[in-house]
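Structure assessment
Chain residues, written in single-letter form:
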Amino acid sequence: MKIFWTYFYLEWKKSIQILGKSLLGLLLLVCLLIVGVVAISNFFLEAQTFNKVQVAVVIPEEETLVRQAADFATAMESVESICQLHYCSEKEAWKGIEEGEVQAIIDIPENFYADVYSGINTPALLYLPAESDLNTQIFCELLSQAVSLLQHSEAGVYAALAAERVWEAGMDRASMGDFLAKEYALELLKREKVFDENVLSATGELKTEEYYLTAALLLILLISGLLFGFLYQPKNRAVEDKLVMYGLKAKKVALVKILTMTVLLWLEALCIYLAVWGVFHLTGWQGLPFQMEVIPGLGLISLAMGAWLHLWFSLGGKTVQSTVMILGINLLMILCCGLLIPVAYFPEGLAAAGKVLPLYYWSSYLQGIMFIGGAGGQELFILLQIAVCTGLGAFVYEKIR
């Protein structure tokens, strides 16, 4: 056992020296990844943004009650989230739509409120450009639904007033009309309570910046793992053959290499996590809370990566070929598992294929412990992957000697 730990110490020390020489390259890599992650994050944030529709509303000066009703509607969350109303003259409205500053015009005719109150269905006019974008089309659809609600309410009031002509009511006709209109209005105001508020996002429960923060960390670890190719250089075979003579079998040598990569990857991941958390803490951004379970969690991810790297380094044989092979495999995993582009944007078949790769479980596990508060059972799949990769890696490494 003493030989095992002595060999582990020597390999770990040699790895520290070699990785130290690559420190500048790693720092440059981190900077490039941060820039790339920020760029991709901003792209998807802009893609998910619903630009409010700018609507010009033409209301005659004497229609003060109509303007009050419009102000009330504008303050509602459901209206405020999709459009922004601008009161202006008819001339200003048409100028705005011609210049593209306005996407729709609502023209309220004179005596509109008086006509509605007296039962005359004087319509308000909606003007749209010949070619409307998707946001404007959504606004028109929602507006038509709102008009439909009002029409049904109006029909209900008229039906009740018609019934009043046949059966006597306890209040006069004018009071009944006001009462029914008020009741319908109160019910309309409750409509938002009928629905549950659910936010659907391509990044699931995470915010976009949280999603890409975990992606950047995994990318750094994956690329850093390529530097461990020196552990498998042919010149190390003589030392390993000598160790076999002293009783350190090939499987134990393989285990030393896995542990060496695990410890260094874990230290690297921990330093990055603490550094990012420290920067965010000093700047006051609460997007990365400090979680104690992240520390052993990063160790589990590092062990999984160490076992994964050892398997493919062993299969690759010579250093150059194995490094190129692992780079290609990692790039394939990154693309298929939705690390850079969320799987919600993938075809169904490709999304399903990505879920069988280890990186999918590493990413889900890391997101869970860092931001959601739980791994959701992903650690079981990771432990299974560690067992399979460690066993296969040790077997392959022994056979290729």
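Residues numbered from 1 in each chain as written. Predicted model: local features only at pLDDT ≥ 70, side-chain atom pairs only at ≥ 80, totals over all residues. Heavy atoms only, no water.

Quick notes on the nonpolar core
- Grouped together as the largest cluster of nonpolar side chains are 54 residues, with contacts concentrated most on L359, W362 and I382.
- Taken together, the elements giving at least two residues each to this core come down to α9 (208–225), α11 (250–283), α12 (294–316), α13 (319–336), α15 (358–372) and α16 (378–399).
- Those residues in contact with L359 that lie beyond four places of it in its chain are L218, L222, M333, I334, C337 and L339.
- Residues V55, V79, I106 and F112 belong to the second largest nonpolar core, which totals 15 residues. (Core = buried A, V, L, I, M, F, W, Y, C linked by side-chain atoms within 4.5 Å. Buried < 20%, exposed > 50% of the residue type's maximum accessible area, 1.4 Å probe, protein only. Helix = DSSP H or I, 4+ residues; strand = E, 2+ residues; numbered from the N terminus. Contact = heavy atoms within 4.5 Å.)

Concerning the packing of α9 against α15
- Between α9 and α15, whose axes approach to 10 Å, the crossing angle comes to 130 degrees. Classified by the angle between their axes, α9 and α15 sit oblique to one another. Helix-helix and strand crossings are classified by hand; for α9 and α15 the assignment is right-handed. Residues E210, Y211, L213, T214, L217, L218 and L222 of α9 lie in contact with α15, whose contacting residues are L359, W362, S363, L366, Q367, M370 and F371.
- For the contact of α9 with α15, the per-class residue count stands at 10 nonpolar, 3 polar and 1 charged. (Axes fitted to C-alpha atoms, helices over the stretch in contact; angles between N-to-C directions. Parallel < 35°, antiparallel > 145°, perpendicular 65-115°, else oblique. Left-handed = near helix turned anticlockwise from the far one by under 90°. Nonpolar A, V, L, I, M, F, W, Y, C, P; charged D, E, K, R; others polar.)

Considering the packing of aromatic side chains
- Counted according to the given criterion, the structure contains 8 aromatic pairs.
- Taken together, a centroid distance of 5.1 Å and an interplanar angle of 80 degrees make the contact between Y211 and Y212 edge-to-face. With respect to class, Y211 is no different from Y212; both count as buried.
- Ring geometry for W308 and W312: centres 5.7 Å apart, planes at 65 degrees, overall edge-to-face. In this pair, W308 and W312 are both assigned in helix α12, 4 residues apart and thus about one turn of the helix distant.
- On the basis of relative accessible area, W308 is assigned to the buried category, the value being 9%.
- Judged by relative accessible area, W312 falls into the partly exposed class, the value being 22%.
- Taken together, the ring pairs in this structure connect Y273, W277 and F290 into an aromatic cluster. (Phe/Tyr/Trp six-rings, centres within 6.5 Å; stacked < 30°, edge-to-face > 60°.)

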